[in-house]
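These are the residues of each chain, in order.
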Amino acid sequence: MATSKVAFTLRKGDEPIGHTFHQLITPGGMITFHRPDFQAVLLLHLSSTSCRTHTAKRLKTYLYGQGSASKSESSLLPIHLHFQDGTTATCDLLIGADGVRSAVRATMLRDLATKAQSEGHTQEAQEALAGVDPVWSGLSMYRTIFPSQTLSQQLPGHRVLHDPMIYVGRNTQITAYPISRGTGINFAATRSHWEQENTLFEGPWVQDVSRDELLHAFDRWEPEVVALFQSIEGLNRWAMHTVRPLRSYVSERVALIGDSAHAMLPYQGVGAGQAIEDAFLLATLLGHSVTTPATLSRALKVYDAVRRPFSQHVLETSRENGQLFTLNYPGLTFGTPQENRDAKKLQKLQDLCNRVRKNWEWCWLTTLDADLERAVKMLENGSQ
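Rules of the game
Residues numbered from 1 in each chain as written. Predicted model: local features only at pLDDT ≥ 70, side-chain atom pairs only at ≥ 80, totals over all residues. Heavy atoms only, no water. Pairing = 2+ DSSP bridges. Helix = DSSP H or I, 4+ residues; strand = E, 2+ residues; numbered from the N terminus. Axes fitted to C-alpha atoms, helices over the stretch in contact; angles between N-to-C directions. Contact = heavy atoms within 4.5 Å. Parallel < 35°, antiparallel > 145°, perpendicular 65-115°, else oblique. Nonpolar A, V, L, I, M, F, W, Y, C, P; charged D, E, K, R; others polar. Buried < 20%, exposed > 50% of the residue type's maximum accessible area, 1.4 Å probe, protein only.

Considerations on the sheet that holds strand β12 (residues 235-242)
Pairing within the open sheet is mixed, and its eight strands lie in the order β2-β1-β8-β9-β10-β7-β12-β11. Edge positions in the open sheet fall to β2 (19-27) and β11 (206-209), since each of these has one partner strand only. For this sheet, the mean angle separating the axes of adjacent strands, direction not counted, is 20 degrees. Relative to β12, strand β7 (residues 135-147) is paired through six bridges, and the arrangement is antiparallel. Within the sheet, the bridge partner assigned to Arg143 lies in β12 and is Asn236. Taken strand by strand, helix α10 (residues 296-325) contacts β1 (4-12), β8 (165-169) and β9 (172-179), and its axis lies near 65 degrees from that of β8.

The following block contains the structure:
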């Protein structure tokens, strides 16, 4: 069993004198790495004989056959892929891992909406169309990576040089921790407008911004946080979008995984992890001897039955953690810095910790193994 270690230290930092109020201790603590390093490892292990990799390709839409096949015919016809660069390809099975702006999801849900409308299921059609486009969460995140040495020069011995930190504040939140074996600092600062959740975001989703904008959004924060700001040379602001909970991740021989299926807020740090679990379980089902070209839809339905409820639960608890970290959770809001020092406010911080831990504990109390075993049994028994 893994040794218990501190995964994150939580500190209220939106005032001149900050206050550390909790250490989140988990089996093994937190393991950090730079995402490009992880992607490079995956690419390195792809088989050059059985896998063909094409980069810089964006799907525009897909069709079964020539787009006029009946449902029975479509189960036998190849799927025609149309890319934005004008090229085409065909496949027997399409797995959409194309992110929050997924073209696979858009095509799949529009097709399902058309079918539902033709059968007189207007509400179901409207629900499908509502999931086509991602929605703004009301939150924006300032993101960057900078050298640890820069932070050390700003404030020698800064706790972020060694410890993952979550700084909470009213409508603001910061996560910072060392990566790349301590040579870099990953920095993410949130500014929240929860009242604008599920609205249309005007402007580019990702935009380079000045450090002054960050300083303005986080004025009056404590000195150790200001040291983080002063270490930043360049950063960008991300308008964080999510996907509404879908009725299904699959349709015929098309499946969605990762952000295309369940793009979520990052307040459990598990969005990529959920995509990996999706892929691992789906790959296991597709590689099972029971699965053949004729039974692909059964494997996809089992995948959906097992993964969708779990990943949508994680989506909801990640959102709730975002409310907690920005001190917006009902009943756990805060007043002035002076009020925050009284016993009642300290109890609120403890209540906040308890909810965060309850939302997050699935990460260290569960594994994919049980769901994987259940999914294989469902496939073998023919159940969905």
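Let's talk about the sheet that holds strand β3 (residues 59-64)
As summarised here, the arrangement of the three strands in space is β3-β4-β5, forming an open sheet in which the pairing is antiparallel. Looking at strand neighbours, the two that pair on one side only are β3 and β5 (88-91), the edges of this open sheet. Strand after strand, the sheet turns through a mean of 25 degrees between neighbouring axes, direction not considered. The pairing of β3 with strand β4 (residues 79-83) spans five bridges and is classified as antiparallel. Across the sheet, residue Leu59 finds its bridge partner in β4, namely Phe83.

Focus on the packing of helix α3 (residues 103-118) against helix α4 (residues 122-130)
Helix-helix packing is described using two parameters, namely the angle between the two axes and the distance between the axes. Relative to each other, α3 and α4 sit at 170 degrees, their axes nearing to 8 Å. In terms of orientation, α3 and α4 fall into the roughly antiparallel class. Contacts between α3 and α4 pair Leu109, Arg110, Ala113, Ala116 and Gln117 from the former with Thr122, Glu124, Ala125, Ala128 and Leu129 from the latter. Taken together, the residues that form the contact of α3 with α4 break down as six nonpolar, two polar and two charged.

Brief notes about the environment of Arg101
Take Arg101: it is sitting in the loop between β6 (94-96) and α3. Arg101 sits in the exposed class, given a relative accessible area of 56%. Put simply, Arg101 and Asp133 are 32 residues apart on the chain and 7.0 Å apart in space, counted from C-alpha to C-alpha.

Side note on unusual backbone geometry
If you check the backbone angles, Ala56 has positive phi at about 60 degrees while not being a glycine. Here Ala56 is to be found in the loop between α1 (35-44) and β3. Accessibility expressed as a relative area gives 80% for Ala56, which makes it exposed. In the Ramachandran plot, Arg181 falls in the positive-phi region, its phi being about 55 degrees despite a non-glycine side chain. Within the secondary structure, Arg181 sits in the loop between β9 and β10 (184-192).

Describing the pairing of β7
Across the 13 residues that make up β7, a large majority, ten, are buried. The sheet contact formed by β7 and β10 spans nine bridges and is antiparallel. Its bridge partner lying in β10, Thr144 is registered against Phe187.

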